[in-house]
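# Breakdown of the fold
The lines below spell out each chain.
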Amino acid sequence: MAAILPAERTKTITYAIRDIVVKAQALEREGRKVIYLNIGDPPVYDFDTPQHIKERLKRKIDDVSGRKSAAYADSMGLHEAREAIAKRLRTRGLAAETDDIVLTAGATEGIMLAVAALVNPGENLLLPLPGYPLYRSTLALYHGAAKHYRLDEAHDWQIDFDSLEEAVDAKTRGLVVISPNNPTGGVYTEETLKRLVAFAERHGLVLFADEIYDQLLLDDGYAHHPLARLAGDVPVLSFGGLSKNYVMPGYRVGWIHFHDPAGRMTKLVAAVKQLMRARLSGPHLQQHAIIAALEGDHSFLDGMRARLREQRDLTIRMLGAIPGIRCTPPHGAFYAFPGVQLPQGVTDKEYVEALLAAEGVVVVYGSGFGMTEAEDADGVRWGHFRVVFLAGPDILEEAYAKIARFTKAFYRRHGYVPR
Ligand code: PLP
């Protein structure tokens, strides 16, 4: 019998954030110490799910009616949980109703369903560059195309509107906006978001607002503005969830909020709901966590943000002091995306893999987020890498000292003197 081959579409799907782990695990098997700064998974470090959320889930699994949680959930998700989300969105100035919310297995499933429902083969979405890889890989799966607009490192990772105008074409269906952003940690101003709304209106696009980090804002003057609140009649699909803000990524709880006051995407919403019925149900029990999370005490977030702020400051200070590395301060989420000077002919992937081999520190190469190496006006070649600053200060200090030592040795080996 001939070998069973996978479908062609799988060949284009890569996910650098996890792909690098395969190499790291091989090192660990050789007995080497490895420091993982590659994945945005708060409970892996010592952040924990708030107790009141866990208690609610324990009660649900134990009580008599909890037996019902073993059944499929409603395809759109638990009604009380959808109600809790709508209520919370209303406190943030949105006109959300329960029917405007559907629950998904993480924001990931919502994003995949929305792309599947909107994009025909050959059509495209506008994605940020650098950008979280899920959108690109999902488009590849459905034979859609990714068109990129640039985020500008020199301007606090804000949006380069000229590149947005260049990227849009007759086949563009939607615009993906991620704020706070992964991998840059950038946060968009209200002004920027309003410009994006006007752009979407002009080109007849649906806005995808990825707001999975909407409570992890680290600096005064960088508030989160829900895009739907500023969108007027422009349709918006907003993606949220419990993974990051409530430290529950493994529970796989997410949602979509459909904002469509003028009824412009009624058929698209119906199509998303149709796809949701076809996959029967999201994970049922953990949907109860939404009620505890959104209606419960939020004071744990103050401690979480304070820790992230401290670790962010350490990150900028230590990485920024390494000759050849620059680090634009992130203002939200828990990622930094430093630039690193690279000698001619060396890729960001080679730098990151050599760092792993020499020092056992795992970061993700910028090209995994679509950001390839480029020369600046002075002829200096820059690559990038993403670090996750969820680990505690001791671990981060150790990792950054290793990056400093490695980078110096790497340049020496290549006969390169950083500017
Ligand atoms: N969107 C962004 C920008 C992310 O960074 C992530 C996870 O890292 C997700 C979506 C996926 O979130 P979830 O765990 O809810 O599927």
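Our subject in this report is the structure included herewith. In every chain, residue numbers begin from 1 and rise along the written sequence. Side-chain atom pairs in this predicted model are given and counted only at pLDDT of 80 or more, local residue features only at pLDDT of at least 70, and totals for whole chains, interfaces and linings cover all residues. Note that water and hydrogens are dropped before the side-chain values are worked out from all heavy atoms of the structure.

### Here's the deal with the site of the ligand
Throughout, near means a residue has at least one heavy atom within 4 Å of the molecule or strand. Ala 107, Thr 108, Asp 210, Tyr 213 and Ser 243 are the nearest of the 13 residues found near the ligand. Think of a polar contact as two N or O atoms within 3.5 Å of one another; within protein, one of them needs to be a possible hydrogen donor and the other a possible acceptor, and neighboring residues in sequence only count if both atoms come from side chains. The separation between an oxygen atom of the ligand and a polar main-chain atom of Ala 107 is 2.7 Å. Side-chain polar atom of Thr 108 to an oxygen atom of the ligand: 2.5 Å apart, as the coordinates give it. Only the protein chains shown count as cover for residues, and all accessible areas are computed by the Shrake-Rupley method using a 1.4 Å probe. Here the ligand loses 94% of its free accessible area of 400 Å² to cover by the protein chains. When residues in the shell around the ligand are grouped by element, the largest group, 3 residues, is from helix H4 (residues 106-118). Following the grouping adopted for this structure description, the nonpolar residues are Ala, Val, Leu, Ile, Met, Phe, Trp, Tyr, Cys and Pro, the charged ones are Asp, Glu, Lys and Arg, and the polar ones are all others, Gly among them. Of the residues belonging to the shell around the ligand, the class tally is 6 nonpolar, 4 polar and 3 charged. Numbered from the N terminus, helices here are DSSP runs of H or I no shorter than four residues, and strands are runs of E no shorter than two.

### Remarks on the pattern of salt bridges
Basic side-chain nitrogens of Lys or Arg form a salt bridge, by our definition, when they fall within 4 Å of a carboxyl oxygen of Asp or Glu. This model, assessed by the stated rule, comprises 21 salt bridges. Taking the shortest distance from any N to any O, the salt bridge between Glu 153 and Arg 326 comes out at 2.9 Å. Within this pair, whereas Glu 153 is found in the loop between strand E4 (145-152) and strand E5 (158-159), its partner Arg 326 is found in strand E10 (residues 325-326), the two being separated by 173 residues in sequence. Accessibility here uses a 1.4 Å probe with only protein chains present; expressed as a share of the type maximum, an area under 20% marks a residue as buried, one over 50% as exposed, and anything in between as partly exposed. Classification of Glu 153 by relative accessible area gives buried; the value is 12%. In this structure Arg 326 comes out as partly exposed when scored by relative accessible area, which is 31%. Residues Lys 402 and Glu 398 are paired through a salt bridge, measuring 3.5 Å at the closest nitrogen-oxygen approach. Taken together, the residues Lys 402 and Glu 398, both in helix H13 (residues 393-413) and 4 residues apart, mark about one turn of the helix. The class for Glu 398 is partly exposed, based on a relative accessible area of 30%. Ionic contacts of the salt-bridge type, sharing partners, join the residues Lys 33, Glu 398 and Lys 402 into one network.

### With respect to helix H11 (residues 300-320)
Residue count minus one, scaled by 1.5 Å, sets the expected span of a helix. For H11, spanning 21 residues, the distance from its first C-alpha to its last is 30 Å, which sits close to the expected 30 Å at 1.5 Å a residue. Residues of H11 that are buried include every one of Leu 301, Met 304, Arg 305, Leu 308, Gln 311, Arg 312, Leu 314, Thr 315 and Leu 319, and no others. In this description, contact between two residues means that some pair of their heavy atoms is separated by no more than 4.5 Å. Residues of H11 that are buried make contact with E10, strand E11 (335-336), strand E16 (381-388) and H13.

### Things to note about the side chain of Arg 312
Residue placement: Arg 312 occurs in helix H11. You can call Arg 312 buried: its relative accessible area is 4%. Within the structure, Arg 312 has its side chain in polar contact with the backbone oxygen of Pro 330 (distance 2.7 Å). With sequence-adjacent residues up to four places away left out, Arg 312 is seen in contact with Leu 218, Asp 219, Pro 330, His 331 and Phe 389.

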